[in-house]
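# Per-entry structural report
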Amino acid sequence: MEYETAEPAGRWTRRKNERPGEILDAALRVFAAKGFAAARMEDIAKAAGVTKGTIYLYYENKEQVFKSLVLELIGGVMSGVETHVGTYQGPVSDLLRFVLKNIAVVMIHSDRIALPKIIIAEAGNFPALAEFWKREVIDRGMGILGKLMQRGIESGEFRALPTDHMVRLLIAPMLLSAIWRTTFEQFEQTPFDYQAFVETHLDVFLRGVSP
């Protein structure tokens, strides 16, 4: 897999506050193509159309680039979901549809889907990054969903099942889809319909937890 090199024209005339975003966009392409271990700061600089020294003005090392990438790309989505969950007053099932459909949009349209695969592949050699991902993404996401499950149980919408089991059952097919898209999709002759898959998964899950 090859990553695309960003257009260098006019790069040096852009305002400095645009560069961190450009560097993170480039880093995502490089990490997706090479993995974390093989990626170098030189690769990210080339993809961003800047010198390696420019990257060090914003990020201390490759690990900080990756962590900033996770917080920028995933943190924003989490914040939006948390805000919506905090103000929503309707059925929990409708809210779960909203959350999972947002995940489906990322699966279908965004390069961010490469991040879980990178973490899984590199966790053994970079446990600190795996711990960071668990704390900032998994624990935060499971916390949101766990509260939703508890809300559904208390309202009588869901059966009184262990909430941590319910959350894992809800998320597991989404994680499998992320791995499938980034690993096996290239070998499929017919594109997989992730949106329809999410609808099927929600139907099965909600029927399973209903009283």
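Predicted model only: the values in this text are computed from it and were never measured.

### Topic: the overall build of the protein
Looking only at helices and strands, the protein has nine helices and zero strands in total. Overall size of the protein, expressed as C-alpha extent along the three principal axes, is 60 × 40 × 35 Å. Looking at the 211 residues of the protein, the share that counts as buried comes to 40%. Sequence-distant contacts in the protein: of pairs separated by 6 or more residues, those separated by 24 or more amount to 71%. A total accessible area of about 11700 Å² is found for the protein, and carbon and sulfur atoms account for 56% of it. Taking the average location of the 25 positive side-chain charges in the protein and that of its 26 negative ones, the two points are 3 Å from each other.

### A word on the pattern of salt bridges
Opposite charge on two side chains permits pairing when their charged atoms draw close. Throughout the structure, instances matching the rule amount to eight salt bridges. In this structure, R97 and E199 form a salt bridge, with 3.7 Å as the shortest nitrogen-oxygen distance. A residue pair is termed long-range when its members are at least 10 positions apart, and R97 in helix α5 (residues 92-109) and E199 in helix α9 (residues 194-209) qualify at 102 residues. Between K134 and D139 there is a salt bridge; the shortest N-O distance is 2.8 Å. D139 sits in the partly exposed class, given a relative accessible area of 36%. Bridged by salt links that share partners, the residues E131, R135 and E136 form one connected network.

### Details of the packing of aromatic side chains
The description of an aromatic ring pair uses the distance of the two centres, along with the angle that the planes make with each other. If you walk through the whole model with that rule in mind, you get seven aromatic pairs. Here F31 and F66 contribute two aromatic rings whose centre-to-centre distance is 5.5 Å and whose plane-to-plane angle is 70°, an arrangement assigned as edge-to-face. Of this pair, F31 sits in helix α1 (residues 19-34) while F66 sits in helix α4 (residues 62-87), and the two are 35 residues apart along the sequence. Residue F31 is classed as buried on the basis of its relative accessible area of 1%. Its relative accessible area of 1% is what places F66 among the buried residues. Look at F192 and Y194: their rings are 5.0 Å apart centre to centre, the planes differ by 75°, and that puts the pair in the edge-to-face class.

### Examining the packing of α1 against α4
Look at α1 against α4: their axes get within 10 Å of each other, and the N-to-C directions meet at 105°. Relative to α4, α1 is oriented roughly perpendicular. Along the contact surface, α1 presents L24, A27, L28 and F31, while α4 presents K62, V65, F66, S68, L69, E72 and L73. Here the contact of α1 with α4 is built from residues that sort into eight nonpolar, one polar and two charged.

### Let's talk about the nonpolar core
Counting 56 residues, the largest nonpolar core has F31 and L96 as the members making the most contacts within it. Counting residues per element, the ones that place at least two in this core are α1, α2 (41-48), α4, α5, α6 (114-122), α7 (127-154), α8 (163-183) and α9.

### Let's talk about α8
Here α8 spans 30 Å end to end across 21 residues, near enough to the 30 Å set by a 1.5 Å rise per residue. By the largest-angle criterion, I171 marks the main kink of α8, which is about 30°, and a proline, P173, follows within four residues.

### What to know about α7
In this model α7 runs 37 Å from its N-terminal to its C-terminal C-alpha over 28 residues, within 8% of the 40 Å that 1.5 Å per residue would give. Remark: the principal bend of α7, roughly 40°, maps to K134. Within the span of α7, buried status applies to L129, F132, W133, V137, G141, I144, L145, G146, L148, M149, G152 and I153. Two residues or fewer after α7 comes G156, characterised by a positive phi angle close to 85°.

### Comments concerning a nonpolar patch on the surface
Taken together, the side chains of W180, F184 and F187 present a nonpolar region at the surface, about 340 Å² in accessible area. Relative to the helices and strands, W180 is located in helix α8.

Definitions and limits used
- Residues numbered from 1 in each chain as written.
- Predicted model: local features only at pLDDT ≥ 70, side-chain atom pairs only at ≥ 80, totals over all residues.
- Heavy atoms only, no water.
- Helix = DSSP H or I, 4+ residues; strand = E, 2+ residues; numbered from the N terminus.
- Buried < 20%, exposed > 50% of the residue type's maximum accessible area, 1.4 Å probe, protein only.
- Contact = heavy atoms within 4.5 Å.
- Areas by Shrake-Rupley, 256 points an atom, 1.4 Å probe, with all protein chains shown as cover.
- Lys, Arg positive; Asp, Glu negative; His and termini not counted.
- Charge placed at Lys NZ, Arg CZ, Asp CG, Glu CD.
- Salt bridge = Lys/Arg side-chain N within 4 Å of Asp/Glu carboxyl O.
- Phe/Tyr/Trp six-rings, centres within 6.5 Å; stacked < 30°, edge-to-face > 60°.
- Axes fitted to C-alpha atoms, helices over the stretch in contact; angles between N-to-C directions.
- Parallel < 35°, antiparallel > 145°, perpendicular 65-115°, else oblique.
- Nonpolar A, V, L, I, M, F, W, Y, C, P; charged D, E, K, R; others polar.
- Core = buried A, V, L, I, M, F, W, Y, C linked by side-chain atoms within 4.5 Å.
- Expected span 1.5 Å × (residues − 1).
- Bend = angle between axes of the 7 residues up to and from the residue.
- Patch = residues over 30% accessible without salt bridge, like charges linked within 9 Å, V, L, I, M, F, W, Y side chains within 5 Å.

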